[in-house]
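The lines below spell out each chain.
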Amino acid sequence: MLEDLWPDYLEQRRVAARRGTVTQNERQWRTLIKPKYGHLPLARLTTRAIQSWVAELEPEYSANYVINTIGTLRGILDIAVTDGLMADNPCTGVKLPKRPARKLARRYLKPAEVQAVAEQLEGQNLRAFLTLVYVGLRWGELAGLDVRDVDFDRKRIRVHTSAAYLPNDEGEWEWHEGSTKTNQVRSAGYPPKLEPMLRARVGKGGGDEILFPSEGGGRWRQPAKQSGKHRVEWLE
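Keep in mind it's a predicted model, so treat the numbers as computed, not measured.

**Q** Could you give an account of helix α2 (residues 19-38), with specific residues and numbers?
**A** End to end, α2 covers just 23 Å across 20 residues, shorter than the expected 28 Å (1.5 Å per residue, more than 12% under). W29 marks where α2 bends most, by close to 45 degrees. Among all positions of α2, only V22, T23, N25, E26, Q28, W29, L32, I33, Y37 and G38 are buried.

**Q** Requested: an account of the packing of α2 against helix α3 (residues 47-57), with residues and values cited.
**A** It is at 13 Å that the axes of α2 and α3 come closest, and there the two elements cross at 140 degrees. Judged by the inter-axis angle, α2 sits oblique to α3. For the element pair α2 and α3, the recorded crossing hand is right-handed. Here α2 contributes L32, I33, K36 and Y37 to the contact with α3, which in turn contributes A49, I50, W53, E56 and L57. Of the residues belonging to the contact of α2 with α3, the class tally is seven nonpolar, no polar and two charged.

**Q** Tell me about unusual backbone geometry, residues and numbers included.
**A** Even without being a glycine, K155 presents a positive backbone phi close to 60 degrees. Mapped onto the secondary structure, K155 falls in the loop between β1 (150-151) and β2 (156-159).

**Q** Describe the pattern of salt bridges, with residues and values.
**A** Taken as a whole and judged by the stated rule, the model has nine salt bridges. Here R186 and E141 are joined by a salt bridge, their closest N and O atoms 2.8 Å apart. Here R186 is found in strand β5 (residues 186-189), whereas its partner E141 is found in helix α7 (residues 139-143), with 45 residues between them in sequence. Note that E195 is salt-bridged to R199, the shortest N-O span being 2.8 Å. Taken together, the positions of E195 and R199, both in helix α8 (residues 195-202) and four residues apart, correspond to about one turn of that helix. One network of salt bridges, with partners in common, ties together R138, E141 and R186.

What counts as what
- The written sequence of each chain sets the order in which its residues are numbered from 1.
- Side-chain atom pairs in this predicted model are given and counted only at pLDDT of 80 or more, local residue features only at pLDDT of at least 70, and totals for whole chains, interfaces and linings cover all residues.
- Each side-chain value is worked out from all heavy atoms of the structure, with water and hydrogens disregarded.
- Each helix corresponds to a stretch of at least 4 residues labelled H or I by DSSP, and each strand to a stretch of at least 2 residues labelled E; elements are numbered beginning at the N terminus.
- How far a helix is expected to stretch is found by multiplying one less than its residue total by 1.5 Å.
- Bend at a given residue is defined as the angle between two axes, one fitted to the seven residues that end at that position and one fitted to the seven that begin there.
- Three exposure classes are used, based on accessible area relative to the maximum for each residue type with a 1.4 Å probe and protein chains only: buried under 20%, partly exposed in between, and exposed over 50%.
- To get an axis, fit a line to the C-alpha atoms, keeping to the stretch in contact for a helix; angles then go from 0 to 180 degrees between the N-to-C directions.
- If an angle is under 35 degrees, it is roughly parallel; if it is over 145, roughly antiparallel; if it lies from 65 to 115, roughly perpendicular; otherwise it is oblique.
- In this scheme, a crossing is called left-handed if the near helix is turned counterclockwise away from the far one by less than a right angle; it is called right-handed if the turn is clockwise.
- Here, two residues are considered to be in contact whenever any of their heavy atoms come within 4.5 Å of each other.
- Gly is placed with the polar residues, together with every amino acid not listed as nonpolar (Ala, Val, Leu, Ile, Met, Phe, Trp, Tyr, Cys and Pro) or charged (Asp, Glu, Lys and Arg).
- Note on definitions: salt bridges are taken to be side-chain nitrogens of Lys or Arg within 4 Å of carboxyl oxygens of Asp or Glu.

Okay, here's the thing in structure tokens:
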């Protein structure tokens, strides 16, 4: 049965992939792959059957999600091929929808726009916004910063962790800390205008305290995630 291969695939993914990616794999398995094929013997998973399933998925899901779901199924079936349970992976010949082209170029704020947004913010919101802009951080990297990561002597911030709020194996949401998206540790400089704001925060806590805490004292969740939107425009 296909479901017999899932534990081995999940174990491999937990070693090789980031936690956020593993969570997506788990969701694809739980909501789509397992209900469709989990209970079936491997012989029933043919290229024709999977191609027909892709046609069923396309009206309901984005091209990217369909492609990624079949990618997860392909990975599971790769184990079957490696173990000699199948001669070939039936996903190999499946035709997938095309990924949509990026409609717009990446949007970067101009200096005047940064100033306009900054004038509307205060406190931690202002400090976080300017840190994101001038240090060049992703939100998970910002959320993962601790007080000890700020080096005032060198005017730099050490970026080595990314924090993500994701469900665990029991479906309960919690913070997961891992490496950055590029799996690299870097040291990024910050401009003089940011130093008084950072010192105001660092002066209130020890080295192991969170640099940008939530109101409850934990890691700070991305506003776009809390609002249910995928993206938030700063200039709205």
